[in-house]
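Read off the chains here:
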Amino acid sequence: MNRNHCKVALLLTLIIALISPAYAKGKKIEYIPLGPTGILGTFEKKQVLVDGTEPGSPADGKLKKGDVISGMGADFVQAILAAEASDGKLTLQLKDGKKVTLQLKALGGFSPTAPYNCPKTNKLITLAADGLAKEFSGKGDKNKGLGSSATNAGLLGLMATGEQKYTDVAFAMIKNFESIGYNGKSLQTRKLEQTKETGKYAGRVGSWSAAYDTILLAEYFYLTKDSALLPTLKTYTLSLVEGQDAAGLYGHKMADPATNRAPGYGQMNNVSLACLMGMQLSKKCGVDVPGLDEAIGRTVAYVEYHIGRGGFAYGFHGPRNFYFNNNGTSGLASICMTLAGNKEGAKFFSAMSATSGNKLGTGHASSLFSTYWTPAGANVAGPKVTQKLYPEVQEYLTLRRRWDGSHLQGYNEGRIGGVALLAYCLPRKALLITGRDADETLWLNDKEADAAFNMRNLTTGKNPEELMSFFGHENPVVRHNAVEAIAVMVGMDAKSLQMASKGKKDSKKAQARASQKKAWEKLVATLFPKLQQMISSGTPHEKASALQCYLFVCPEGDLQKRLQTIGTILRNTKEADTVRVEAATALASHPESIQPYFDDILKFLLEERPSDRFAEVDAQIAAKALNPISKSVEWNPYKAGLVKDKDLFYRSANRLMEHKRQSTRGTGVRMVANVPFEALPVVIDDLDHILKDDDKTYHTYHNARHAKEPAAGIYVKHNILEGVDYIVDTILGGEGKTSFKLRVLIKTLPGYGIHAQRVVPKVKENMWVKMAINPEGKNRFYAPLMEMFKTIENATTGPKLIPVEEIKKMKAKK
C-alpha cells in the first residue's frame, strides 16, 4: 500500500470536509477542533493556522490565536497517532521557531490486525460509546453540537458495541420511540386522511427518516424479539413499500400516490438504497405487508443492473464507470445484495467499497454517508478486506475524534460518533449491517483482499502497453481509468506539440518541435497496431475499451478507412451491445463524416433487447452517439441530409420519446425539433404525451428542460393550441426545479403572442413567479419575467392556432 499517496489524498478530503461549506460560499472560514489536540484551526498547505483552543483540551494554554504550526502537512494525523502510540506527547514546531508539546492520551498503537484483536480500537470504542451514552442519558453537554439523529447512527453505533451497558441505553431510547399501531395504512395515507379531515396540510413523509427508522427498528427487533414495536415496524415497512416510484426508487419524500413520482427534483440513489435495506431487514425479521416482495424486487432489479457496469450516480442516470463508490452507495449496495442473496453483486460492490477509503471525506451535501457505509460495505468481503481498509478509516476519523473521547459532529444527518462506532465494532458482528449473519463464502483471502483494495491504483504510473492490459479488467472503473490515462497521454503530447508550433521559429524551437513530433508519432505507432488487434480479436471489454481510444490514436490520413472499420463493427449484430455502443460513439465523434453510418445507428437503436429492463442501451445510444452529433453540428437532420429513410428516422425518434428516462426522451424530441408540418402527425402522439406529463411509469421526470422544453418549442413553432396551457400547467405548475421551469416559461410562452394573454394572470399567481417578481427580492428571474410579461401584454397579433386533434386527423386521413 502506498501510504504517502493515501496521506495526501486523505488530507485533501479532510480539508474539503472540514472547511469547504463555509469557504466555498465566500464566508469566513470556520475554525474547528483538529482531532484530540483541542486545537481550533485549519490547514493551509503544510501549515496549521491556529484560531484558538478548546477549554480543558491538551492545547488549552499552550497555543493561542495567530500561532502557525509549520512542517506538518499530510503528517499531522500520523503525528497524532504516533504520539498516542507512545507516551502521548505531541511536539509541534511553530513558525516563529518555538516548540510546543501537547499531552494527548496514551492509547497505544493499532495492532497489525486492527480492528480485530486491537486493544486501541477497544479503547476508542469505550471513549466514543461513553460519550454517546452520556448524551442519550441526558448527562452529557447538550451544547456540543452532536446534531440530529436523522439517520439513527448514534443508536445503531451503541447497539453495534454488543456491550449491555451501551445497548441498554440504546434500547431505552428505542422503547420511547412513538408507537404506531398497524392498521394496514401507510404513514403517507394517514397524512393524506389527516389533511382531508382537518383542512390543514399535514406534510409529507420523509424518505430518509422512514428508511433509517425502519433499519433501526428492524435491528432492534432482530436482537431483542421485543414485539412491542413490531406494529410500528410494519407501518414503516408498508410506508416504504407504497413510497416507491415506478422505478422502485425514492426522493427526499415518498412518492406522490397521485403521480407515482418522487416529489421535488426526483430520485436519489443513496436514500433509495437505504429504503431497500429497511425493507429487506424487515422481511428478515418476519414482517409481511402487502406488496413487500414486489417492492423489494423492483429496487433489487435496479441495483443488480449496476453489477459489473459501474457505481451509482446521485440520481437515476445509469451505471457510472468512473465511480468506485459515490457517497457510500457501493457500501449500501453490497449489504443490500447480501440480503438479496446475490453473491455476484455483494462481491462486486464490496470490492468497490474496499478500494475507496481515500474518499471518506467526500460526498454530495454531506460526507457522513461515505463514512457510514463504506467500511460496513467493504466488511461484506470479510476480515482481510476490513483490515486493509481500516488504516484509512482511522486516518479520516482521527481528526473527527476530540480530546474528551467524543466526536466532532459537523453534520445534520447523524452522529459521527455512531458512525465511528459502526466502523470500530465491525469485528463484533452485533448487527446485521455489521455482519451478524455474514456469508463467509464471500470472504476474500489476503491476495484477493490486496487486489480489491489496490484497484484504484492499478493504472497509476503505467506506460501505454501496461495500461492496455487493463482494457479487459473485470471492473469497469479500472477499464475507464486505463482508457482515460491513455487519452491524457496522447492528448497532452498533442497539446504540447500544438503549443510548441506557436513558438518563435528559431532553430532550438524547431528542434524541440521535431523531437516532440517524433515522440508523439512513436507513441501512436506503438498503440495503434495493438488497438487494431484488440478490436479484431479481443474480449467484449477489450473491444469496447479499444474503440474508445481508436480514433484519437489514429495516424493522420487514415480516418475514413478507420471509420469504415468501425461502421462494420456497428453493423455486426453478433457483437456485444457494449461494443456496438462504443462503435456508434466513435463514429459520432466525427459528425462531418456521419452520413454513411447515421441510419446504422438508428437501426441499432431499434433492435429489440427484451433483457434490457431499463432500456439502458437505448439511453446510451442517445447520450453517447445521437447527442454528440446534435451538439457538434447544427442540429437539423433534414438540412444535413440525414433523414434518408423517413420511416426509420421517425420510428427512432418515437422510440426515444417513449423512453422512461427524461434525458433520452429529450434526445428524441430534439431529433424532430425541425419537423415539417406535414410530418407532425407521425410524432404528435408522443409529443403530446410528453407535454401532458401524466405518465405514472416514468423513471425520471423532474427537469423540464430535458424533454418538455424542446417539445413546447415544437408546439410554439407550429402554433399548436394546447401548448399555451401545457407551458403554464404541466411545465410551470408541474414538479421539478423552479429555475428550470421558469427558464422554459420565459423561452416559450411569448411565442404565442396575443394568445398567451389569457394565461398571464394565472402565471402571475404562481407561487414561484410571485416570489421572483417581487422587486425587493432581487431575484435573477425578475428582469426576464417582467420583459416576458411586457412582450405578451403588448402583443396585438398572434398566429392561428391548430388543435392537436386536427393534426391527429391528418394522420388518420393518410
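Scroll up to find the structure.
Our subject in this report is the structure included herewith. All values derive from a computational prediction rather than experimental measurement.

1. Focus on helix α15 (residues 416-424)
- Of all 9 residues in α15, 9 are buried; the element is thus mostly enclosed.
- I416, G417, G418, V419, A420, L421, L422, A423 and Y424 are the residues of α15 that are buried.
- Residues of α15 that are buried make contact with α3 (119-136), α4 (153-160), α13 (368-378) and α14 (383-397).

2. Things to note about the packing of aromatic side chains
- Evaluated as defined, the whole model comprises 22 aromatic pairs.
- For the ring pair Y715 and Y726, a centre distance of 6.0 Å and an interplane angle of 55° mean the geometry is tilted. Remark: Y726 occurs in helix α29 (residues 723-732) and Y715 occurs in helix α28 (residues 708-717); sequence separation between them is 11 residues. Exposure class is identical for Y715 and Y726. Each is buried.
- Ring pairing ties together the aromatic residues Y302, Y305, F312, F316, F348, F349 and F614, which thus form one cluster.
- The positively charged end of R309 is found above the aromatic ring belonging to Y305, 3.9 Å away from the centroid.
- Residue placement shows R456 over the ring face of F453; its charged tip is 5.2 Å from the ring centre.

3. Thoughts on the layout of surface pockets
- The space that makes up the largest pocket amounts to roughly 1,200 Å³.
- Residue lining of the largest pocket: 41 residues in total, with P319, N321, E616, Q620 and K624 positioned closest to the centre.
- Counting residues per element, the ones that place at least two in the lining of the largest pocket are α18 (476-501), α20 (540-550), α22 (577-588), α24 (616-632) and α26 (662-671).
- A total of 6 residues in the lining of the largest pocket trace back to one element, the largest contributor, which is α24.

4. What to know about the nonpolar core
- Core analysis: the biggest nonpolar cluster contains 221 residues, and W373, F471 and L745 have the highest contact counts within it.
- For L745, the residues in contact, after removing those within four places along its chain, are I727, L732, P750, V763, V769, L785 and M788.
- Formed by 22 residues, the second largest nonpolar core is a distinct cluster that contains L34, A59, L102 and L104.

Each value, and the rule that gives it
- Residues numbered from 1 in each chain as written.
- Predicted model: local features only at pLDDT ≥ 70, side-chain atom pairs only at ≥ 80, totals over all residues.
- Heavy atoms only, no water.
- Buried < 20%, exposed > 50% of the residue type's maximum accessible area, 1.4 Å probe, protein only.
- Helix = DSSP H or I, 4+ residues; strand = E, 2+ residues; numbered from the N terminus.
- Contact = heavy atoms within 4.5 Å.
- Phe/Tyr/Trp six-rings, centres within 6.5 Å; stacked < 30°, edge-to-face > 60°.
- Lys NZ or Arg CZ within 6 Å of the ring centre and 35° of its normal.
- 1 Å grid on protein atoms, 1.4 Å probe; cavity = no way out; pocket = protein on both sides within 12 Å on 5 of 7 lines; lining within 4 Å.
- Points joined across faces, edges and corners; volume = space filled by probe spheres on them.
- Core = buried A, V, L, I, M, F, W, Y, C linked by side-chain atoms within 4.5 Å.

None of this, on its own, says anything about what the molecule does.
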